[in-house]
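Structural characterization, general
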Amino acid sequence: MAQRRTVTEPLIRPLVAPSQQQIALNCDGPAAPRAALQRLKKRLRLPMRSLQLHGDRDLRLEEIDPPPPPAAGEVQIRIRAVALNYLDVWGFRGMAFAKRKMPQAAGVEASGEIVCVGEGVTGLAVGDTVTAYGAETCGHCKACREGRDNLCENVAGIMGFHIDGFAREFLNKAARLVIKAPAGVSFEDAACAPIGFGTVQHMLFDNARLEPGESVLVHAGGSGIGTAAILMAKAIGCTVFTTVGDDEKGRKAAELGADHVINYKTERFEGEVRRLTKRKGVDVVFEHVGADTWNGSLLCLKRGGRLVTCGATSGPSATINLMQLFQQQYRITGSFGCRMENMANAMQKMAQGIVHPVIDTEVGFNEIDVALKRMEERSIFGKIILRMD
């Protein structure tokens, strides 16, 4: 097991680009003859920093041993940016809904650059900007073979939630789960591709089948996936309704392109949507809030409308009027994660300037407590990025 050393205040230092010597320590290859490299590794095994979760609300910045050289079929990634999500908050609160082995590296989505390539890897090279799929899928079941990665029958867990995550300076990853970012996509933007944008791509287009010119209600328009949903829907000419918790978020959502902004703290969103649509309702509801908005969301749908949901931030249990469901012919779809293709498509849209992640704040690893507190208080607009440079 890797040795863990809690980083005391004097050791909390700005991260700097690793030297060629440090990269060579973690990577067999032409940088040095193998025998000499092994002697160097024994003499100088440089630690790396990681955010380690030891228990409920017990997150520590520690120094741990770096990974070994990547095995065949793997690449080694130097993490440059970690994007925070509510999955991080739930994991921090102890709501992983599965047994976890502590301590565990935090971070469910990130980006970085490849510093070493294992034997047999093609299509990826040292220096590539990449992001990675956060679920440890098997790669050989029927769902994986068909490209339906989020339905893997043998998934080993979600990184940063059930198993070690991305919040560490270096990690090894199966090359089949790594996606190269197109030219022009920054580390910060690529870090938002797996969940912040891949999830939305999957929800709106794979599941809800959103079409140009339709209407869509996006809940929590100031959240990471809410801002992405507004941008993706507007990019194809949809009419966007969105809910926010205060007028400042409403102003920012309108600047992103939302056509109708509703402050749910001062107005009943379902009443406003029905009024604005002349009681017809919207084609699609993008739901991820949960119990607090569930029944109101159904009332916002037009006959034959589609609701897609990926979250339950306000609670997992709700009731449903079955007569309303079948008489109005609603289509309700649960959505979890995304396919790797969704991540690639999202980054292509970023590279083409069609969409862009909305970054609320960029902070260092030693500011993670403040970042999580702001997320719990819902006092952000867009995404918080943990810097690794």
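Small disclaimer: the values here were computed from a predicted structure and weren't measured. All residue numbers refer to position in the chain's written sequence, counted from 1. The model is predicted, so local features are restricted to residues of pLDDT at least 70 and side-chain atom pairs to those at 80 or more, both for listing and for counting; the totals for chains, interfaces and linings are taken over all residues. For side-chain calculations, the full set of non-hydrogen atoms in the structure is used, while hydrogens and water are omitted.

Our next topic: the pattern of salt bridges. The term salt bridge refers to a side-chain nitrogen of Lys or Arg lying within 4 Å of a carboxyl oxygen of Asp or Glu. Summed over the entire model, instances satisfying the criterion amount to 20 salt bridges. The residue Lys383 makes a salt bridge to Glu109 at a minimum N-O spacing of 2.7 Å. Residue Lys383 is found in strand 17 (residues 383–387), and its partner Glu109 is found in the loop between strand 5 (104–105) and strand 6 (110–117); the two are separated by 274 residues along the sequence. For Glu255, the salt bridge is made with Arg251, and the minimal N-O distance between the two is 2.6 Å. Residue Glu255 and its partner Arg251 are located together in helix 8 (residues 247–256), separated by four residues, close to a single helical turn. The class for Glu255 is exposed, based on a relative accessible area of 57%. A single network of salt bridges, built from pairs that share partners, joins Arg78, Arg80 and Glu113. Numbering of helices and strands runs from the N terminus; a helix is a DSSP stretch of H or I covering at least four residues, while a strand is a stretch of E covering at least two. We call a residue buried when its accessible area falls under 20% of the maximum for its residue type, exposed when it is over 50%, and partly exposed in between, using a 1.4 Å probe and counting protein chains only.

Attention now goes to the side chain of Glu169. With respect to the helices and strands, Glu169 occurs in the loop between helix 4 (142–145) and strand 8 (170–174). His is not counted, nor are the chain ends, whereas Lys and Arg count as positive and Asp and Glu as negative. Among buried Asp, Glu, Lys and Arg side chains, Glu169 stands out as unpaired, with Arg49 the closest opposite charge at 4.5 Å. Separated by 2.6 Å, the side chain of Glu169 and the backbone nitrogen of Arg49 make a polar contact. Think of a polar contact as two N or O atoms within 3.5 Å of one another; within protein, one of them needs to be a possible hydrogen donor and the other a possible acceptor, and neighboring residues in sequence only count if both atoms come from side chains.

So, on to unusual backbone geometry. Here Met102 and Pro103 are connected by a cis peptide whose omega angle stands at -5°. Turning to its location among the elements, Pro103 is positioned in the loop between helix 3 (86–93) and strand 5. The backbone of Ala220 sits at a positive phi, close to 50°, despite the residue not being glycine. For Ala220, the position within the fold is in the loop between strand 10 (215–218) and helix 7 (224–235). Residue classification places Ala220 among the partly exposed residues on the basis of a relative accessible area of 23%. The backbone phi angle of Arg279 is positive, close to 70°, even though this residue is not glycine. Arg279 sits in the exposed class, given a relative accessible area of 61%.

Tracing the backbone shows Arg57 in the loop between strand 2 (48–55) and strand 3 (58–64). The exposure class of Arg57 is partly exposed, given its relative accessible area of 48%. Considering only alpha carbons, one finds Arg57 and Trp90, 33 residues apart in sequence, at a separation of 9.8 Å. Within the structure, Arg57 has its side chain in polar contact with the side chain of Glu376 (distance 2.8 Å).

Here the focus is the environment of Val289. Mapped onto the secondary structure, Val289 falls in the loop between strand 13 (282–287) and helix 10 (294–300). Along the sequence, Val289 and Gly311 sit 22 residues apart, while their C-alpha atoms lie 5.9 Å from each other. Not counting residues up to four positions away in its chain, the partners in contact with Val289 are His219, Ala220, Gly311, Ala312, Thr313, Ser314 and Gly315. We call two residues contacting when some pair of their heavy atoms lies within 4.5 Å.

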